[in-house]
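Spelled out, the chains give:
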Amino acid sequence: MRYATLFLSLVLASYGAVAQCPDCTPDTGCNTSPAYPTMCPLTPPDATAGEQYQTAITFWMPATFTDPGTGVTVDFQQMTITGVSGLPFGLSIQYNQPGGVYYPQNESHGCAQICGTPVVAGSYPVTISILAGVSYNGFNLNVPEDFTIQLTVLPGSGGNAGFTFTPISGCGSAAVQFEALIDGSPSPTGYVWDFGDGTGSTANIPPVHQYSEAGDYTVTLETTIGGYVLQQVALTGVNDNWCGDVEEPNLPLIGCQGAPDLYFVLTDGSGSTYTSSTVDNSHTATWSGLDVPLNIPPYSISFYDEDAISQNDLLGTYNLPANGAGTYNVNVAGGTTGNLVVGESAQDVFTHTDTVHVYPLPEVVLQEDGQSGELCIEGPALQGYVWFLDGDTVPDAHGACLFPTGPGLWQVEAMNGFGCTAMSNTVVVCPEVEIVLNGPVLQVPSGFSSYAWTLQGNAVGGNDPFMVIQGNGLYTVTVTDVNGCTVTAAYDLTTMGIADLGGSSGGMTVFPVPNNGRFTVAGHGLVSPEVSVQVLDVLGRPVGSFVIPVVNGTMRRSLDLELPPGPYWLRAWDGGRPITARFAVR
């Protein structure tokens, strides 16, 4: 019943749906003109994997409406939601009427609240089953219906204080993009990833990582924020500013006496200082193992000669460049030389973990029963099935087994309890072919790739879906189709005389019927050497004429006419006697 299709998209429930969603209030502005069942909105908004989802849907059920397909006016008495399958794992529904039963005669608006957290991204075929109760001219009808809609779940993103990743899960495999969140710049920051499958990375944004097998993968990121430290200071020489004090006098004709007592002062950007130990009576000095943090740049280092009585002598100042770790050579104040070693040291280490879920795909193996012809999925039952014939969905087919309704390429897509879907293998169902006797012509359906006719085992006729009888005997035809099927049918004329097919009075046949304007005219039992034939439309107006030669009382001609769809007549004269045949153009 077509009137049910427009408002059924609201029914997005899982098996055993429970009352976990908040109540909903119908939107009384939801309607159409002329009156016809509908819902608002027509398409539910997309959900996102791993994120809470909630949406309210209103549907309008007018008490009386006219079905536009049939023109019949019906009273809509009751709608009962009998079942839903294929809903993404993690979503449920709550109706505003108990049990999903609605009475349009009492209330024309209803609603449903969909909520939950879907797990896996994808496009989900959701199968909805209802029982529609209508009345027409005093007759009450309960019509069961199945419908399939698509609900889209977008890939979600997961994460914590240390990193984000998307998607959070996959079916069969997952290509996940990770990104670190902690950046200690200008301090050096390092990253060590463990993707939970034996591989890792040291980049803040690693290349997209591929998980190729089902499983739960614990991902760990260790983020280290380092700091620069002054590890070593070395003086290889100093200028003479230390000379001339009481402690180190500069005597005439003799020169400087003694040696400087060396130390340095490190000053940070806030003015705070670090003062080293003193190396006495030396022109060179090395201070190792310092590990002085350099967290408040800019820094400068000043070298001094320490004097006990007089003022300390400044031997030079060096400003440290902000170039990171390394060795920096010092050459200042006209003779003070040396080097500084700046290294890195971990200041803070953060560890964060999360989980990527890769769910298994269902194994969908389709087999055909050699005795009954039924198609069935092997193994335990799954959550939902969508059948396909030659790539198109098959309405009202949602179980694990199906009796094919026709030849072609059959497949089924199935969903497991994780919401993951997979397509089955393809089963080719071959057609059944029967030869039909139509006057003096044997016919089989058109549309096959090839036809091969025989009479008593000998090849006769052409590559056509018909065969003009050539005498008594056993006729066979072998047909092939685009799917590789080869089928043979037989028709035995050994007990029937040719005269029994129309007698000596003669007749005319058109095949195939109906056709698209391409057809064959055949006649038998004719007496004239040629027959004049007219094509007439339904009003008797000629739309074509031609002459067909007769050989041994038989005529045959294949025609290709541009005719609009409708019924037509063929009229011919055989020795002044009219003969006719009917056909139709699609």
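Here goes a summary of the coordinates provided. Quantities reported herein were computed from a predicted structural model and do not represent experimental measurements. (Residues numbered from 1 in each chain as written. Predicted model: local features only at pLDDT ≥ 70, side-chain atom pairs only at ≥ 80, totals over all residues. Heavy atoms only, no water.)

### Comments concerning the packing of aromatic side chains
Okay, so step 1: Inspection of every chain in the model, using the stated rule, returns 18 aromatic pairs.
Okay, so step 2: On the basis of an interplanar angle of 70° and a centroid distance of 5.3 Å, the ring pair of F163 and W193 is categorised as edge-to-face. Of this pair, F163 sits in strand β12 (residues 163-166) while W193 sits in strand β15 (residues 189-194), placing them 30 residues apart in sequence.
Okay, so step 3: Looking at F163, the relative accessible area reads 0%, which means it is buried.
Okay, so step 4: Consider the rings of F264 and Y274, whose centres lie 6.2 Å apart with planes at 45°: the pair is tilted. Of this pair, F264 sits in strand β21 (residues 262-267) while Y274 is found in strand β22 (residues 273-275), placing the two residues ten residues apart along the sequence.
Okay, so step 5: In this structure F264 comes out as buried when scored by relative accessible area, which is 0%.
Okay, so step 6: A residue is classified by how much of its surface remains accessible, and Y274, at 31% relative accessible area, is partly exposed.
Okay, so step 7: Grouped by ring-pair contacts, the aromatic residues F163, F165, F178, W193 and F195 constitute a single cluster. (Phe/Tyr/Trp six-rings, centres within 6.5 Å; stacked < 30°, edge-to-face > 60°. Helix = DSSP H or I, 4+ residues; strand = E, 2+ residues; numbered from the N terminus. Buried < 20%, exposed > 50% of the residue type's maximum accessible area, 1.4 Å probe, protein only.)

### Observations concerning the sheet that holds strand β30 (residues 375-377)
Okay, so step 1: An order of β29-β30-β33 is seen for the three strands of this open sheet, with the pairing classed as antiparallel. Both edges of this open sheet fall to β29 (366-368) and β33 (401-402), since each of them pairs with a single strand only.
Okay, so step 2: Of the pairings in the sheet, the one linking β30 to β33 comprises two bridges and is antiparallel in character. Directly across from L375, in β33, lies its bridge partner L402. (Pairing = 2+ DSSP bridges.)

### Examining unusual backbone geometry
Okay, so step 1: Omega for the bond connecting T166 with P167 falls within 30 degrees of zero, at -5°, which places this linkage in the cis form.
Okay, so step 2: Looking at the secondary structure, you find P167 in the loop between β12 and β13 (169-171).
Okay, so step 3: The step from F511 to P512 runs through a cis peptide bond, and the omega angle for that step is -5°.
Okay, so step 4: Considering the arrangement of structural elements, one finds P512 in the loop between β44 (507-511) and β45 (518-524).
Okay, so step 5: With a phi close to 50°, N281 is a non-glycine residue in the positive phi region.
Okay, so step 6: Within the secondary structure, N281 sits in the loop between β22 and β23 (285-287).
Okay, so step 7: Unusually for a residue other than glycine, A333 sits at a positive phi of about 55°.
Okay, so step 8: Residue placement: A333 occurs in the loop between β27 (326-332) and β28 (336-359).

### Some details on the state of the cysteines
Okay, so step 1: Per the counting criterion, the structure on display carries seven disulfides.
Okay, so step 2: A disulfide bridge connects C21 with C115, and the sulfur atoms are separated by 2.0 Å. Judged by the sign of its S-S torsion, about -95°, the bond between C21 and C115 is left-handed. Residue C21 is found in the segment before β1 (38-40), and its partner C115 is found in strand β8 (residues 109-116); the two are separated by 94 residues along the sequence.
Okay, so step 3: Judged by relative accessible area, which is 5%, C21 ranks as buried.
Okay, so step 4: Take C115: its relative accessible area is 5%, and that puts it in the buried class.
Okay, so step 5: Covalent S-S linkage joins C24 and C111, the inter-sulfur distance amounting to 2.1 Å. Here the disulfide of C24 and C111 is right-handed, its torsion about the S-S bond being about 95°. Taken together, the residues span a long stretch of sequence, with C24 in the segment before β1 and C111 in strand β8 at a distance of 87 residues.
Okay, so step 6: A residue is classified by how much of its surface remains accessible, and C24, at 14% relative accessible area, is buried. (Disulfide = S-S within 2.5 Å.)

### Section: the pairing of strand β25 (residues 300-305)
Okay, so step 1: Of all six residues making up β25, five are buried, and the element is well covered by its neighbours.
Okay, so step 2: Note that β21 and β25 share six bridges and pair antiparallel. Bridge pairing links Y263 to Y304 in β25.
Okay, so step 3: Sheet topology places β25 next to strand β26 (residues 313-319); six bridges connect them, and they run antiparallel.

### Notes on the nonpolar core
Okay, so step 1: Grouped together as the largest cluster of nonpolar side chains are 34 residues, with contacts concentrated most on M79 and Y102.
Okay, so step 2: For this core, the secondary-structure elements that each account for two or more residues are β3 (53-60), β5 (73-85), β6 (91-95), β8, β9 (122-136) and β10 (139-154).
Okay, so step 3: Core analysis: the next-biggest nonpolar cluster, separate from the first, contains 25 residues, F264, V292, L294 and Y299 among them. (Core = buried A, V, L, I, M, F, W, Y, C linked by side-chain atoms within 4.5 Å.)

### Remarks on the sheet that holds β22
Okay, so step 1: Read from one edge of the open sheet, four strands run β22-β21-β25-β26, paired in antiparallel fashion. Only two strands of the sheet have a single partner each, and these edge strands are β22 and β26. Neighbouring strand axes in the sheet, compared pairwise and without regard to direction, differ in orientation by 20° on average. (Axes fitted to C-alpha atoms, helices over the stretch in contact; angles between N-to-C directions.)

### Concerning the environment of D396
Okay, so step 1: The topology assignment puts D396 in the loop between β32 (392-393) and β33.
Okay, so step 2: A relative accessible area of 53% means that D396 is categorised as exposed.
Okay, so step 3: Along the backbone, D396 and Y475 are 79 residues apart, and their C-alpha atoms lie at a distance of 40 Å.

### A word on empty space enclosed by the protein
Okay, so step 1: Applying the stated rule across the entire model yields one cavity of 30 Å³ or more.
Okay, so step 2: Approximately 70 Å³ is the volume attributed to the largest cavity.
Okay, so step 3: Taken together, S85, G86, P125, T127, G384, Y385, V386, E413, A414, M415 and T421 make up the lining of the largest cavity.
Okay, so step 4: For the lining of the largest cavity, the elements supplying multiple residues, two or more each, are β9, β31 (384-389) and β34 (408-415). (1 Å grid on protein atoms, 1.4 Å probe; cavity = no way out; pocket = protein on both sides within 12 Å on 5 of 7 lines; lining within 4 Å. Points joined across faces, edges and corners; volume = space filled by probe spheres on them.)

### Considerations on a nonpolar patch on the surface
Okay, so step 1: On the surface, a nonpolar cluster with roughly 380 Å² of combined accessible area is contributed by L251, L253 and I254.
Okay, so step 2: Within the secondary structure, L253 is located in the loop between β19 (250-251) and β20 (255-256).
Okay, so step 3: L253 gets classed as exposed once you look at its relative accessible area, which sits at 94%. (Patch = residues over 30% accessible without salt bridge, like charges linked within 9 Å, V, L, I, M, F, W, Y side chains within 5 Å. Areas by Shrake-Rupley, 256 points an atom, 1.4 Å probe, with all protein chains shown as cover. Salt bridge = Lys/Arg side-chain N within 4 Å of Asp/Glu carboxyl O.)

### Notes on the environment of G90
Okay, so step 1: Here G90 lies in the loop between β5 and β6.
Okay, so step 2: Of the residues examined, G90 reaches a relative accessible area of 37% and is grouped as partly exposed.
Okay, so step 3: Along the primary structure G90 and P249 are separated by 159 residues, whereas in three dimensions their C-alpha atoms are 89 Å apart.
Okay, so step 4: Apart from the residues lying within four places of it in its own chain, the contact partners of G90 are C115, G116 and T117. (Contact = heavy atoms within 4.5 Å.)

Just distances and angles here, no functional claims.
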